[in-house]
Amino acid sequence: MANEKRVRHILSLSGGKDSAALAIYMRDRVPEMEYMFSDTRKELPETYEYLERISSYLGKPVTRLNADIGFDHWYEMYGGMIPSNHRRWCTRALKLKPFEIHCGDDEVVNYVGLRADEERSGYISHKANIKAVYPFKEDGLVLRDIEEILRSSGVGMPPYTQWGRTRSGCYFCFYQQKIEWVRLKETHPDLYEKAKAYEKPYEKTGNFFTWSQGESLAEMEAPARMDQIKREHVIRIERKAARKENATLAEVFAQTTEAEAADDDDDQGCLVCQL
């Protein structure tokens, strides 16, 4: 009918493996799919590289939302208070709001890359016109399947996984594990220094907020402390491997790092930022 409302199909890319694999998986199933990425302007350089690789495979541009107003704008708006798992203004201001504005009042089907072997859930949108769907869960696809999709397509895993980063999102994401902070220091020391510069007393209260719970980046970068974090990480992987004798190394690593994220930060991170 002429007055029938158009339904938009939108897949939000995060720069992570699951959303990338979902984009590849859905490319020929939903030819009219729109692809978007909420750009905080604080992403890893490898993330931007990966988005270009995905866009080339899809044969479509990836629309970047929030590209002109990044993290620092909202950081100033919040008076210089860095976000945390208790003050998650970054997800709301930089990811969710731009997405909802992009959708407007259109009827939208939002494709989310949750796997069938995950129990995670996350806030996507409470707007009645935006419906989230989970193709991997519906089709029973698990981690091994996602890895195969990325391998066989030639897109591959996100480049930051080569140096041990397990998640997409800002380079200073407060949900990253301590071992990932160590690896950031070793791989991108300039970004580590920029992250460290945000750790200063909050002028309204004098409270000193840190990205990593209970420890400043200045404390964490001490050589003895970095060595300790590395040793503890190896021990956790070995323990996990002993309990998962039949699992692949990739599965052991993925399951271990997810558990570490919960141990380090009492949360597994923002769904909308990491998939």
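Before reading further, recall that the structure is shown in the block above.
Cut-offs used in this document
- Residues numbered from 1 in each chain as written.
- Predicted model: local features only at pLDDT ≥ 70, side-chain atom pairs only at ≥ 80, totals over all residues.
- Heavy atoms only, no water.
- Helix = DSSP H or I, 4+ residues; strand = E, 2+ residues; numbered from the N terminus.
- Buried < 20%, exposed > 50% of the residue type's maximum accessible area, 1.4 Å probe, protein only.
- Contact = heavy atoms within 4.5 Å.
- Areas by Shrake-Rupley, 256 points an atom, 1.4 Å probe, with all protein chains shown as cover.
- Expected span 1.5 Å × (residues − 1).
- Axes fitted to C-alpha atoms, helices over the stretch in contact; angles between N-to-C directions.
- Parallel < 35°, antiparallel > 145°, perpendicular 65-115°, else oblique.
- Left-handed = near helix turned anticlockwise from the far one by under 90°.
- Pairing = 2+ DSSP bridges.

Student: Help me understand the overall build of the protein chain, please; the structure alone is not making it clear to me.
Tutor: When its secondary structure is counted, the protein chain shows 12 helices and 5 strands. Residue burial in the protein chain is summarised as follows: out of 275 residues, 52% are buried. Within the protein chain, contacts between residues at least 6 apart in sequence are counted, and of these 67% link residues at least 24 apart. When the accessible area of the protein chain is evaluated, it comes to approximately 13300 Å², of which 50% is carbon and sulfur surface.

Student: Just checking my understanding: could you explain helix H2 (residues 45-58) for this structure?
Tutor: Residues separated by three or four positions in an α-helix point in the same direction, a consequence of the helix having 3.6 residues per turn. Compared with the 20 Å implied by 1.5 Å per residue over 14 residues, the 20 Å span of H2 between its first and last C-alpha is a close match. If you check which residues of H2 are buried, you get Glu 46, Thr 47, Tyr 50, Leu 51, Ile 54, Ser 55 and Leu 58. Where H2 is buried, its residues contact strand S1 (7-13), helix H1 (17-26), strand S2 (34-38) and helix H6 (143-153).

Student: How should I be thinking about the packing of helix H7 (residues 178-187) against helix H10 (residues 223-243) in this particular structure?
Tutor: For any two helices packed against each other, one specifies the inter-axial angle together with the distance between the axes. Where H7 meets H10, the axes come as close as 9 Å, and the angle between the chain directions of the two elements is 130°. On the basis of the axis angle, H7 is oblique to H10. Crossing angle aside, the handedness with which H7 passes H10 is left-handed. Residues Lys 178, Ile 179, Val 182, Arg 183, Lys 185 and Glu 186 of H7 form the contact with H10, whose participating residues are Arg 225, Met 226, Ile 229, Lys 230 and His 233.

Student: Can you walk me through the sheet that holds S1 in this structure?
Tutor: In a beta sheet, neighbouring strands are held together by backbone hydrogen bonds and run either parallel or antiparallel to one another. In space, the 5 strands of this open sheet follow the order S3-S2-S1-S4-S5, with parallel pairing throughout. Two strands in the sheet have a free side with no partner beyond their single neighbour: strand S3 (63-65) and strand S5 (130-133). Looking at each pair of strands side by side, their axes are set apart by 35° on average, direction ignored. Taken together, the 3 bridges between S2 and S3 define a ladder with parallel strand orientation. In the strand pairing of S3, Phe 37 is matched with Arg 64. Helix-sheet contacts for H1 involve S1, S2 and strand S4 (107-111), and the interaxial angle to S1 is about 140°. Sheet strands in contact with helix H4 (residues 89-103) are S1, S2, S3, S4 and S5, and its direction is about 160° off that of S1.

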